[in-house]
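A structural walkthrough
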Number of protein chains: 12
Amino acid sequence: MSDTVFQKIQLVGTSNKSFSDAAANAVARAHQLGHQVSWFEVNEQRGAVRDGKIDQFQVTITVGCRVQ
Amino acid sequence: MSDTVFQKIQLVGTSNKSFSDAAANAVARAHQLGHQVSWFEVNEQRGAVRDGKIDQFQVTITVGCRVQ
Amino acid sequence: MSDTVFQKIQLVGTSNKSFSDAAANAVARAHQLGHQVSWFEVNEQRGAVRDGKIDQFQVTITVGCRVQ
Amino acid sequence: MSDTVFQKIQLVGTSNKSFSDAAANAVARAHQLGHQVSWFEVNEQRGAVRDGKIDQFQVTITVGCRVQ
Amino acid sequence: MSDTVFQKIQLVGTSNKSFSDAAANAVARAHQLGHQVSWFEVNEQRGAVRDGKIDQFQVTITVGCRVQ
Amino acid sequence: MSDTVFQKIQLVGTSNKSFSDAAANAVARAHQLGHQVSWFEVNEQRGAVRDGKIDQFQVTITVGCRVQ
Amino acid sequence: MSDTVFQKIQLVGTSNKSFSDAAANAVARAHQLGHQVSWFEVNEQRGAVRDGKIDQFQVTITVGCRVQ
Amino acid sequence: MSDTVFQKIQLVGTSNKSFSDAAANAVARAHQLGHQVSWFEVNEQRGAVRDGKIDQFQVTITVGCRVQ
Amino acid sequence: MSDTVFQKIQLVGTSNKSFSDAAANAVARAHQLGHQVSWFEVNEQRGAVRDGKIDQFQVTITVGCRVQ
Amino acid sequence: MSDTVFQKIQLVGTSNKSFSDAAANAVARAHQLGHQVSWFEVNEQRGAVRDGKIDQFQVTITVGCRVQ
Amino acid sequence: MSDTVFQKIQLVGTSNKSFSDAAANAVARAHQLGHQVSWFEVNEQRGAVRDGKIDQFQVTITVGCRVQ
Amino acid sequence: MSDTVFQKIQLVGTSNKSFSDAAANAVARAHQLGHQVSWFEVNEQRGAVRDGKIDQFQVTITVGCRVQ
């Protein structure tokens, strides 16, 4: 009767604090946009550098969202 | 004049019968949502297990949809 | 305060001229659909052949779009 | 208090019927050996051929087992 | 004295029934062409979709054939 | 005389705090089980989401253990 | 009645003009050799350099050919 | 006139605190060596273990440096 | 009646002679531990260096063992 | 007597014209820096987008340079 | 005038001596079959085990052959 | 106080004897150039063929060098 279907959406979150914070930002934004996020997967971690210091953390994640 | 563009959407279909049924479910749902699905690609096959038996088939597919 | 989030959307562009043209078509279509495209990444290059000649260039790209 | 840990064990199941049956065999054997199998992932599908016919289905899966 | 050598040939089988049937078709065709097929490996599973239903199963396999 | 052999064991650690904590949990559990863990490698980072927040960090690691 | 089977053949085309020209050369050669080429996929792009200039474009492609 | 060229340099940073600290160490060292680091990408995360505890975090990163 | 199941175990063998010797060491140790090793696959080859000379060969292999 | 050794250096070339031009720029710069470039391999193709048009082509290549 | 085209053929060589010998066997067989082999690439190294000893070395290589 | 940083340098070693010899050549050259090589990883094994015989072994390795 009801076989659930999920959509995977790829997002890049950014943060000047940490990769975790960048991931949390992306997850939160997907939630705000009305997606029912059930899980996330980290695909890529990178960042911007200025004067020899990490200036911005950028994390590409895939969020799994239940399709209504 | 008209160079067709397709969007690739990644979905996870589930079924308690088979991987094929799980894929068919995901394709059908994309169709119901109004996407013009032309093809699909299997990305990942996994499943849930209970008491030593496969309880749910989960298949991640990418569907190729014509963009109007 | 504002940590930007981007969505990555995967598209297949086609062209009978070149891979570059196929990519440009996909980028342009994403723009027309209202996405704020900041960058693109080439994922796959393939094409259709007729009578021993390349008949259509098909390029799969991922576009990075700022989420409002 | 208790953060669950799982072990991933890689198995090759075989069957002369189908890939699904081969996977079910591997899952069942892990269960028989006392592992608490929660999920499985398909890694590889191959098979033996005799006289132009598929003689044996071989599927490599990874099972996720709760560590007590 | 005799160290066997195998050739790997990549084929795409199609079927409107199932992936297994598509693989069996490709294996059978290699056999008909005179190849001594010993094993096969599944490389890719995809398919064509029409009206929200899977219309054709396409499976890319590699067959291992003994070189005389 | 003595060429050391190591076994690689794949584990999934979980934590509601961080990926590091999840990895540390998995390493500690392997140690408790009597394995002589020398190093670990991060294979995959994912997590569960509830109400738009990261609810659980899940990290798949491989631990290298000296075989006695 | 007849489920089509395709063979995938991997070729390296070369050209001193461009990657597209190198791919077209490989496709044309496969056609000359009697293969019914339906599509191609780009696998690898490389080239020879002389005096700091690209001297030859080399592209590895896979052509999909209908098996009679 | 001026199409910027970057060099990608692969480094392994270490730290007994965290992966972030290990990455920051590698970025800082590249900066000290006179490289104009613009961004970094995380390639691999591993670590040394002693007595069941993570003893050292090791992160392989690639830094992108503007070539003068 | 009896569909064989194999377990894949990942090992790192070491040797100061060669990669082959390192692989043979790992296979032999698995055998000593009571595993019925049927085949092995080479996953990774690396080594330690001292004074510009290869000091130790390290090979990661996966052994396929019949599960009783 | 003399077994040649090459170093592989990874570069990102940019151009507002084409990927080929971006690759040629990176090769030329390596040459200017005194490297004896023998070949190159394309690793990644991406680009910046402005107003729905490709604004900059960015290609990551690896150049193979003879070590004196 | 003439832009050379190469075909890549994938072979599995076997030997009870070494991986090198297995590769040499496959290359020699391709040569015997009339292919103009210019280079080879190692794709996979595996082997059969009997009584805890390596019984057969199996190497999958791709040979690059000039197409006349 | 001192968190060591390593640089990874990619080299291609050649030899008309064996892959091991080719790797040893590359390691030795890195040492001669003043790099403090601690370990190496094999990335790719290929070779040149003449008259159906392996004429040159080519191995791509990455060496890990301590940055002073």
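These remarks concern the structure in this document. Computed from a prediction, not measured in an experiment: that's the story for all the values here.

Things to note about the overall build of chain A
Looking only at helices and strands, chain A has one helix and three strands in total. For chain A, the N- to C-terminal ordering of α and β elements is β-α-β-β. In terms of C-alpha radius of gyration, chain A reaches 14 Å, well past the compact-globule figure of 11 Å for 68 residues. Seen along its three principal axes, the alpha-carbon backbone of chain A occupies a region of about 60 × 20 × 10 Å. Taking the contacts inside chain A whose residues are at least 6 apart along the sequence as the reference set, 62% of them involve residues at least 24 apart. Approximately 3,100 Å² of chain A is accessible, and the part contributed by carbon and sulfur atoms is 42%. Averaging the positions of the 7 positive and the 6 negative side-chain charges in chain A gives two centres separated by 4 Å.

Concerning the relation of the copies chain I and chain D
Between the two copies, chain I and chain D, the superposition gives an RMSD of 0.0 Å; the rotation angle is 120 degrees and the shift along the axis is 0.0 Å. As the rotation angle and translation indicate, the two copies are arranged about a three-fold axis. No C-alpha of chain I lies nearer the rotation axis than that of Ile9 of chain I, which sits 4.7 Å from it.

Overview of the interface of chain I and chain D
On the chain D side, the residues contacting the nine residues of chain I number 15 residues. For the chain I and chain D pair, buried surface summed over both sides reaches about 970 Å², with 52% attributable to carbon and sulfur atoms. The largest share of the area that chain I buries against chain D comes from Asp3, Val5 and Lys8 of chain I, three residues that together contribute 56% of it. On inspection of chain I and its partner chain D, the count reaches zero salt bridges. The interface formed by chain I and chain D holds five residue pairs in polar contact (both at pLDDT 80 or more) in total. At four residues, the largest contribution of residues to the side of chain I that touches chain D is made by strand S1 (residues 5-15) of chain I.

Some details on helix H1 (residues 19-32) of chain F
Residues and elements named next belong to chain F. Over its 14 residues, H1 runs 20 Å from end to end, which matches the ideal 20 Å to within 8%, given 1.5 Å per residue. For H1, the N-terminal cap is Ser18; the gap from its side-chain oxygen to the backbone nitrogen of Ser20 is 3.4 Å. Count one or two residues on from H1 and you reach Gly34, which has phi positive near 95 degrees.

Points about the interface of chain A and chain C
The partner chain C presents nine residues to the 15 residues of chain A that form the contact. Summing both partners gives a buried area of about 980 Å² for chain A against chain C, and 52% of it is carried by carbon and sulfur. Ranking the residues of chain A by area buried against chain C places Gln10, Val12 and Arg29 of chain A at the top, with a combined share of 50%. Joining chain A to chain C, the criterion identifies zero salt bridges. At the junction of chain A with chain C, the criterion picks out five residue pairs in polar contact (both at pLDDT 80 or more). Going through the elements one at a time, strand S1 (5-15) and helix H1 (19-32) of chain A are the ones with two or more residues in the side of chain A that touches chain C. Among the elements that make up the side of chain A that touches chain C, the one with the highest residue count is S1 of chain A (seven residues). A per-class count over the side of chain A that touches chain C returns five nonpolar, seven polar and three charged. Note: S1 of chain A against strand S1 (residues 5-15) of chain C, four bridges, orientation antiparallel.

Topic: the pairing of strand S3 (residues 53-66) of chain K
All names here are of chain K. Counting buried residues in S3 gives 10 out of 14 residues, a clear majority hidden from the surface. Relative to S3, strand S1 (residues 5-15) runs antiparallel, the two sharing 10 bridges. In the strand pairing of S3, Val12 is matched with Thr60. If you look at the hairpin formed by strand S2 (residues 36-50) and S3, you'll find two residues sitting between the two strands, and Asp51 has a positive phi there, around 50 degrees.

Points about the packing of aromatic side chains
Given two aromatic rings, one states the distance between the centres and the angle between the planes to describe the pair. A complete count under the given rule lists 36 aromatic pairs over all chains for this structure. Both rings, one in Phe19 of chain D and one in Phe57 of chain D, keep their centres 4.9 Å apart while their planes meet at 75 degrees; by these two values the pair is edge-to-face. Remark: Phe57 of chain D occurs in strand S3 (residues 53-66) and Phe19 of chain D occurs in helix H1 (residues 19-32); sequence separation between them is 38 residues. Phe57 of chain D sits in the buried class, given a relative accessible area of 7%. Seen in terms of ring centroids, Phe6 of chain E and Trp39 of chain E are 5.3 Å apart; in terms of plane orientation they differ by 70 degrees. Their pairing is edge-to-face. Here the residue Phe6 of chain E occupies a position in strand S1 (residues 5-15), and Trp39 of chain E occupies one in strand S2 (residues 36-50), the gap between them amounting to 33 residues. The class for Trp39 of chain E is buried, based on a relative accessible area of 16%.

With respect to the environment of Ser38 of chain F
With respect to the secondary-structure elements, Ser38 of chain F resides in strand S2 (residues 37-50). Overall, the relative accessible area of 28% leaves Ser38 of chain F in the partly exposed class.

So, helix H1 (residues 19-32) of chain B
Within H1 of chain B, burial applies to Phe19, Ala22, Ala23, Ala26, Val27 and Ala30 of chain B. Each buried residue of H1 of chain B lies within a common arc of 135 degrees when the element is viewed along its axis, so the set occupies one face.

Some thoughts on the pattern of salt bridges
With the rule as written, the count across this model stands at 54 salt bridges over all chains. Residue Glu41 of chain E pairs with Lys8 of chain E through a salt bridge whose shortest N-O separation is 3.2 Å. Residue Glu41 of chain E is found in strand S2, and its partner Lys8 of chain E is found in strand S1; the two are separated by 33 residues along the sequence. Lys8 of chain E matches Glu41 of chain E in its accessibility class, with the two residues each being buried. With its nearest N and O atoms 3.9 Å apart, the salt bridge here joins Arg46 of chain G to Glu41 of chain J. Residue Arg46 of chain G is located in strand S2 (residues 37-50), and its partner Glu41 of chain J is located in strand S2 (residues 36-50); the two belong to separate chains. Accessibility assignment for this pair places Arg46 of chain G and Glu41 of chain J in one class, buried. The network of salt bridges with shared partners includes Lys8 and Glu41 of chain F, Glu44 and Arg46 of chain H, Arg46 of chain I together with Lys8 and Glu41 of chain L.

Overview of the environment of Val67 of chain K
Take Val67 of chain K: it is sitting in the segment after S3. Each C-alpha atom of the pair Val67 of chain K and Gln36 of chain K lies 7.8 Å from the other, and the pair is 31 residues apart in sequence.

What about the side chain of Gln58 of chain L?
Residue and element names in this part refer to chain L. Looking at where Gln58 falls in the secondary structure, it is placed in strand S3 (residues 53-66). There is a polar contact of 2.8 Å between the side chain of Gln58 and the side chain of Gln56. For Gln58, the contacting residues outside a window of four places in its chain are Val12, Gly13, Thr14, Phe19, Glu44, Gln45, Arg46, Gly47 and Ala48.

Some details on unusual backbone geometry
Of note in this structure, Asp51 of chain A is not a glycine but carries a positive phi near 50 degrees. Within the secondary structure, Asp51 of chain A sits in the loop between strand S2 (36-50) and strand S3 (53-66).

Here's the deal with the state of the cysteines
Under the counting rule described, the total for this entry stands at zero disulfides over all chains. There is no disulfide at Cys65 of chain J, and the cysteine sulfur nearest it, in Cys65 of chain L, is 16 Å away. Among the residues examined, Cys65 of chain J registers a relative accessible area of 3% and is labelled buried.

Procedures and definitions
- Residues numbered from 1 in each chain as written.
- Chains lettered and ligands numbered in written order.
- Predicted model: local features only at pLDDT ≥ 70, side-chain atom pairs only at ≥ 80, totals over all residues.
- Heavy atoms only, no water.
- Helix = DSSP H or I, 4+ residues; strand = E, 2+ residues; numbered from the N terminus.
- Rg over C-alpha atoms; globule rule 2.2 N^0.38 Å.
- Contact = heavy atoms within 4.5 Å.
- Areas by Shrake-Rupley, 256 points an atom, 1.4 Å probe, with all protein chains shown as cover.
- Lys, Arg positive; Asp, Glu negative; His and termini not counted.
- Charge placed at Lys NZ, Arg CZ, Asp CG, Glu CD.
- Least-squares fit on C-alpha atoms with pLDDT ≥ 70 in both.
- Buried area = accessible area lost by both parts, 1.4 Å probe.
- Salt bridge = Lys/Arg side-chain N within 4 Å of Asp/Glu carboxyl O.
- Polar contact = N/O pair within 3.5 Å; in protein donor to acceptor, adjacent residues only side chain to side chain.
- Expected span 1.5 Å × (residues − 1).
- Nonpolar A, V, L, I, M, F, W, Y, C, P; charged D, E, K, R; others polar.
- Pairing = 2+ DSSP bridges.
- Buried < 20%, exposed > 50% of the residue type's maximum accessible area, 1.4 Å probe, protein only.
- Phe/Tyr/Trp six-rings, centres within 6.5 Å; stacked < 30°, edge-to-face > 60°.
- Arc of directions from axis to C-beta.
- Disulfide = S-S within 2.5 Å.

From the geometry alone we can't say anything about function, so treat these as descriptive.
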